[in-house]
Amino acid sequence: MVLMILCYGTVLMLSIYVKGLCEAFHATTTQIQLLYTIKAAVSVAVSFAVAGFANNLSSRKLLGIGVVSYSLFFFLISISNSLVFYYIGAVFFGIGVVLMGSAVIQPVVTRWHRNFLGLKIGLMTVAYSIFGAAFSVLFTKLQLSLGTQTTILIHGLVILIPGIFCILFLISDDPEKYGLSLEEVIPNEALQEKETIAEPSNVSARDYFRYPETWLLLVGLFLDSILYGGYLSNASIVYSSLSFDTMQIASLISVQTIFVSVWGFAFGFISDRIGACRSTVGVSAVVLFTMLFSLFNSLGDLSYITTAIQAALVGSVCYQSMAGGLVFAELFGDKSVAMLMAVSMGFVYCGQMIGTPFATLLYEHTGGYAAFFRIMSLISALIMVMYILMVRINKKR
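Nothing here was measured: the structure is a model prediction, and the numbers come from that model. (Residues numbered from 1 in each chain as written. Predicted model: local features only at pLDDT ≥ 70, side-chain atom pairs only at ≥ 80, totals over all residues. Heavy atoms only, no water.)

Visitor: So what exactly am I meant to see when it comes to the overall build of the chain here?
Guide: Across its full length, the chain carries 18 helices and zero strands. Counting the 397 residues in the chain, one finds 59% classified as buried. Restricting to contacts in the chain with at least 6 residues of sequence separation, those with at least 24 account for 85%. Summing over all exposed atoms, the chain offers an accessible surface of approximately 15,600 Å²; the carbon and sulfur share of this is 68%. (Helix = DSSP H or I, 4+ residues; strand = E, 2+ residues; numbered from the N terminus. Buried < 20%, exposed > 50% of the residue type's maximum accessible area, 1.4 Å probe, protein only. Contact = heavy atoms within 4.5 Å. Areas by Shrake-Rupley, 256 points an atom, 1.4 Å probe, with all protein chains shown as cover.)

This is the structure:
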């Protein structure tokens, strides 16, 4: 949980540094935002690489590489004013986000736990969202008093020191590494629940991609991640374009981040009760409403209250970091969840890679985000239809 807090809590609040980095590197917003495109491209490659060897790699070693890579990103951009070092740092950022994030951690949790799996993963979302909300305000104040790059250096230490401690003393490898069987780590009632999951027998890794449910989920997560990359990665610019000041922007990002935890907890909690597939349909409807609300808010008379409501709603988009592991475990059981989770995160990062520059270019050409919200409203409706089809096809199987 600590590593998830450090990894995704940071991702949620990272946009507070955009303006300061533009000044420090004498760069345009587009040049600085290229960070997210490079990060996402590297994350796609790393996710698919992890997927290919998911069942043969040590989780602790992967997490350790992730912590070091993530920290290197902060150290590199804190000691240089060169965009070359900034983009090299983005490469390490892309490695760290994958190896410290859901692609590695969710399969570990799935192997050690079965009861209330959605709730436990949801609680991780609550934890990293609280971190992001609190530290977006704290690091904004530090940035105003100490400068952007000094604050970024402190941020890197906040990730490195607790991260290394967790790797050395708190993180366990898979149960099999300790000679434990499934029966010894999962309660009997959970094992009975596992037996009800129709896990395909004698199925190779490639065979999972012959099921239409697999592609409906993966494409849906990809499209949703365009929205994530376009809005959450540009959050400070979105709110700045609405003429809010620095502290108001920080507070809006905090609201947004707090509600990531609310939506993440709700998604996990409801998934345990009605199933992850149905929960995914429900949250996609919320995302569609969010885009329509954001569109009307951007075209109407803006106020801090309505924008705060918008920030609260957009937290629902973060379900895509949870959905892969939960839905694939429900569809196919736990046998290949590590591989499928890594593939799903590859699609997520691919969407984010497209979303950030897509939204930035629309903003630069139109002077606002209304066009982005129009397009994403249509895409969100398509995503919801795809998830409904996924549920119906799975029922018939």
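Moving on from the model shown.
Visitor: Quick question: what am I supposed to make of a nonpolar patch on the surface here?
Guide: A cluster of nonpolar residues, Val68, Leu72, Ile164, Phe165, Leu168 and Phe169, forms a patch on the protein surface that exposes about 550 Å² of accessible area. Contributing elements (two or more residues each) for the nonpolar patch: helix H4 (59-79) and helix H8 (148-169). If one sorts the elements of the nonpolar patch by residue count, H8 sits on top with four residues. Among the secondary structure elements, Phe165 is positioned in helix H8. (Patch = residues over 30% accessible without salt bridge, like charges linked within 9 Å, V, L, I, M, F, W, Y side chains within 5 Å. Salt bridge = Lys/Arg side-chain N within 4 Å of Asp/Glu carboxyl O.)

Visitor: Help me out: how do you make sense of the packing of helix H17 (residues 337-366) against helix H18 (residues 370-396) in this one?
Guide: Axis separation between H17 and H18 bottoms out at 8 Å; the angle between their running directions is 135°. Judged by the angle between their axes, H17 and H18 are oblique. On H18, the residues that touch Phe358, Ala359, Leu362 and Thr366 of H17 are Ala371, Phe372 and Ile375. (Axes fitted to C-alpha atoms, helices over the stretch in contact; angles between N-to-C directions. Parallel < 35°, antiparallel > 145°, perpendicular 65-115°, else oblique.)

Visitor: It is not clear to me how the packing of aromatic side chains should be interpreted in this structure. Could you clarify?
Guide: For any pair of aromatic rings, the description rests on two quantities: the centre-to-centre distance and the angle between the ring planes. In this structure the tally under the stated criterion is 24 aromatic pairs. Ring geometry for Phe244 against Tyr304: centres 5.9 Å apart, planes inclined by 80°, an arrangement best described as edge-to-face. Taken together, the residues span a long stretch of sequence, with Phe244 in the loop between helix H12 (235-240) and helix H13 (246-274) and Tyr304 in helix H15 (residues 304-314) at a distance of 60 residues. Overall, the relative accessible area of 13% leaves Phe244 in the buried class. Among the aromatic residues, those joined into a ring-pair cluster are Tyr231, Tyr239, Phe358, Tyr363, Tyr369, Phe372 and Phe373. When the ring centre of Phe269 is taken as reference, the NZ or CZ atom of Arg273 above it lies at 3.8 Å. (Phe/Tyr/Trp six-rings, centres within 6.5 Å; stacked < 30°, edge-to-face > 60°. Lys NZ or Arg CZ within 6 Å of the ring centre and 35° of its normal.)

Visitor: What am I meant to see in the nonpolar core here?
Guide: A general trend in soluble globular proteins is that nonpolar side chains are found buried together. The biggest cluster of nonpolar side chains holds 114 residues, and the ones touching the most others in it are Tyr70, Tyr231, Tyr239, Tyr319 and Phe372. The leading source of residues in this core is H17, at 11 residues. The residues contacting Tyr239, other than those within four sequence positions of it, are Tyr231, Phe244, Ile249, Leu252, Ile253, Gln256, Thr307 and Ala311. (Core = buried A, V, L, I, M, F, W, Y, C linked by side-chain atoms within 4.5 Å.)

Visitor: Sorry if this is basic, but what is going on with the confidence of the model for the chain here?
Guide: In low-pLDDT regions, the fine details of the predicted coordinates are not to be read closely. When the pLDDT values of the chain are averaged, the result is 81; 81% of them are 70 or greater. Across the chain, H18 holds the top mean pLDDT of 92, while helix H10 (residues 188-195) sits lowest at 43. For the stretch residues 183-198, pLDDT sits under 50, and the model shows 28 contacts to residues farther than four places along the chain or on other chains. (pLDDT = per-residue confidence, 0-100.)

Visitor: Sorry if this is basic, but what is going on with the side chain of His155 here?
Guide: Counting through the fold element by element, His155 comes out in helix H8. Given the relative accessible area of 0%, His155 is considered buried. In this view, His155 contacts Thr10, Met13, Tyr17, Phe74 and Phe139; residues no more than four positions away in its chain are not counted.

Visitor: I keep staring at helix H11 (residues 212-231) and nothing clicks. Help me out?
Guide: Every α-helix carries 3.6 residues per turn, so stepping three or four residues along brings you back to the same face. The terminal C-alpha atoms of H11 lie 29 Å apart, and with 20 residues this matches the ideal 28 Å at 1.5 Å per residue to within 8%. Buried residues dominate H11, accounting for 17 of its 20 residues. (Expected span 1.5 Å × (residues − 1).)

Visitor: Before we go on, may I ask you to explain the environment of Ser279 in this structure?
Guide: With respect to the element layout, Ser279 can be found in helix H14 (residues 276-299). Along the primary structure Ser279 and Ala323 are separated by 44 residues, whereas in three dimensions their C-alpha atoms are 9.1 Å apart. Residues in contact with Ser279, not counting those within four places in the same chain, are Phe267, Ile270, Ser271 and Ile274.

Visitor: Could you clarify how one ought to interpret unusual backbone geometry in this entry?
Guide: Across the chain, the bulk of peptide bonds are trans and the bulk of non-glycine residues have phi less than zero. The backbone phi angle of His26 is positive, close to 50°, even though this residue is not glycine. Within the element layout of this structure, His26 appears in the loop between helix H2 (18-24) and helix H3 (29-52). Overall, His26 belongs to the exposed group, its relative accessible area being 71%.

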